[in-house]
Amino acid sequence: MRARVFPDYEAISTAAAYVVAGRLEEEPSSVLMLPTGITPLGMYRRLVEMHRSEGLSFANATFFNLDEYLGLAPDHRASYHVYMKEHFYGLIDADPARVFVPDGAAPDPEAECERYEAAIREAGGIDVCVLGIGRNGHIGFNEPGAPFDSRTRVVALSESTRKVNAADFEADRAPERAITAGMATIFDSKSVLLLASGTNKAGAVAAAVEDEVSESMPASMLRNHQSAVLFLDEAAASDLGHGVAG
Ligand code: PGA
């Protein structure tokens with residue numbers, strides 16, 4: 001796993017957008033796995049700009065989202081369906097038949113998870129997986145303790161994650177569970193790009209990069225990945241010791 005440190009959030013966002021755009025230029029039918037949250041918003045903005053001003057096309061790409069809250073209908077304003085539509089899928093030329101977001105309102109969530117894994121397999125696996133990182137080191141909604149061999153499944157959200165995300169929900173009550181792509185689902189991606197910005201991620205970044213590889217720090221799994229890179233701004237890199245490539 002390599003870490004690259006950029007001066008600020010805009011620089012990470014631009015660099016991440018270039019990774020995705022470069023991959024699509026090489027192979028327009030690439031399969032991408034994408035995150036939600038505050039961190040990737042700049043990357044999505046840049047990709048939308050590239051689509052509008054430079055003709056970058058997403059028409060042949062396939063998209064999978066990392067996760068979705070359990071119990072939220074796809075039109076719920078705090079759902080990741082709505083987030084992705086507003087910030088990305090609705091603003092580019094994505095083919096709706098190749099856009100996959102777990103259905104948080106599926107009557108049989110377990111079957112939905114299996115369907116999701118099968119769709120990833122049918123698409124030929126993930127080429128590029130873009131991730132954020134939680135303050136507790138989670139990736140997707142794989143909270144500390146998530147088994148490295150886990151697949152797409154229903155998970156309980158940690159109290160700290162529910163607190164961080166509470167403002168998106170009425171009465172500050174975030175859902176208790178979610179569907180997330182599993183640790184092994186993520187690990188099987190041909191390449192992984194993790195984005196982190198801000199001092200509130202510095203502790204998790206340092207633990208993931210420098211402490212032992214452990215299920216108690218989900219992002220540390222990426223250290224064993226052949227092609228994982230972290231794009232950090234200086235704030236997110238501020239707890240790292242020496243020896244990290246700049
Ligand atoms: P954030 O979320 O980008 O909103 O900080 C990242 C995450 O929790 O994975």
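Residues numbered from 1 in each chain as written. Predicted model: local features only at pLDDT ≥ 70, side-chain atom pairs only at ≥ 80, totals over all residues. Heavy atoms only, no water.

(A) Molecular detail of the overall build of the chain. A tally of helices and strands in the chain yields 7 helices and 10 strands. Its C-alpha radius of gyration of 17 Å places the chain within 12% of the 18 Å reference for a compact globule of 246 residues. Viewed in the frame of its principal axes, the chain has a C-alpha envelope of about 50 × 45 × 35 Å. Counting the 246 residues in the chain, one finds 55% classified as buried. Summing over all exposed atoms, the chain offers an accessible surface of approximately 10,900 Å²; the carbon and sulfur share of this is 49%. Across the chain, the centroid of the 21 positively charged side chains sits 1 Å from that of the 36 negatively charged ones. (Helix = DSSP H or I, 4+ residues; strand = E, 2+ residues; numbered from the N terminus. Rg over C-alpha atoms; globule rule 2.2 N^0.38 Å. Buried < 20%, exposed > 50% of the residue type's maximum accessible area, 1.4 Å probe, protein only. Areas by Shrake-Rupley, 256 points an atom, 1.4 Å probe, with all protein chains shown as cover. Lys, Arg positive; Asp, Glu negative; His and termini not counted. Charge placed at Lys NZ, Arg CZ, Asp CG, Glu CD.)

(B) Layout of the pairing of strand β8 (residues 177-180). Relative to β8, strand β4 (residues 67-69) runs antiparallel, the two being bridged by 3 bridges. Following the sheet pairing, Y69 is matched in β8 by A178. Bridge count for strand β7 (residues 153-156) against β8 is 4 bridges, and the pairing is antiparallel. Its bridge partner being in β8, V155 is matched across the sheet by A178. (Pairing = 2+ DSSP bridges.)

(C) Highlighting a negative patch on the surface. A contiguous patch of negative charge, built from E210, D211, E212 and D239, is present on the exposed surface. One can find D239 in the segment after β10 (228-233). (Patch = residues over 30% accessible without salt bridge, like charges linked within 9 Å, V, L, I, M, F, W, Y side chains within 5 Å. Salt bridge = Lys/Arg side-chain N within 4 Å of Asp/Glu carboxyl O.)

(D) Structural detail: the site of the ligand. The environment of the ligand is formed by G37, I38, T39, G132, I133, G134, H138 and K201. Within the contact set of the ligand, an oxygen atom lies 2.6 Å away from a side-chain nitrogen or oxygen of H138. K201 places a side-chain nitrogen or oxygen 2.5 Å from an oxygen atom of the ligand. Contact with the protein chains covers 75% of the free accessible surface of the ligand, which is 280 Å². (Near = heavy atom within 4 Å. Polar contact = N/O pair within 3.5 Å; in protein donor to acceptor, adjacent residues only side chain to side chain.)

(E) Spatial organisation of the packing of helix α2 (residues 41-54) against helix α3 (residues 80-87). Here α2 crosses α3 at 40°, and the two axes come no closer than 10 Å. Put simply, α2 runs oblique to α3. Where α2 abuts α3, its residues L41, Y44 and V48 lie against Y83, M84 and H87. Broken down by class, the residue content of the contact of α2 with α3 amounts to 5 nonpolar, 1 polar and no charged. (Axes fitted to C-alpha atoms, helices over the stretch in contact; angles between N-to-C directions. Parallel < 35°, antiparallel > 145°, perpendicular 65-115°, else oblique. Contact = heavy atoms within 4.5 Å. Nonpolar A, V, L, I, M, F, W, Y, C, P; charged D, E, K, R; others polar.)

(F) Representation of the sheet that holds β7 within the structure. Pairing is antiparallel across the open sheet formed by 3 strands, whose spatial order is β4-β8-β7. The open sheet has two free edges, formed respectively by β4 and β7, since each of these has just one partner strand. With direction set aside, neighbouring strand axes in the sheet form an average angle of 30°.

(G) Just the packing of aromatic side chains, in detail. As enumerated under the stated definition, the model contains 15 aromatic pairs in all. Taken together, a centroid distance of 6.3 Å and an interplanar angle of 40° make the contact between F58 and F63 tilted. Taking the relative accessible area as the measure of exposure, F58 reaches 0% and is therefore buried. Put simply, the rings of Y44, F58, F63, Y69, Y80, Y83, F88, Y89, F141 and F169 touch in pairs and so form one group of aromatic residues. (Phe/Tyr/Trp six-rings, centres within 6.5 Å; stacked < 30°, edge-to-face > 60°.)

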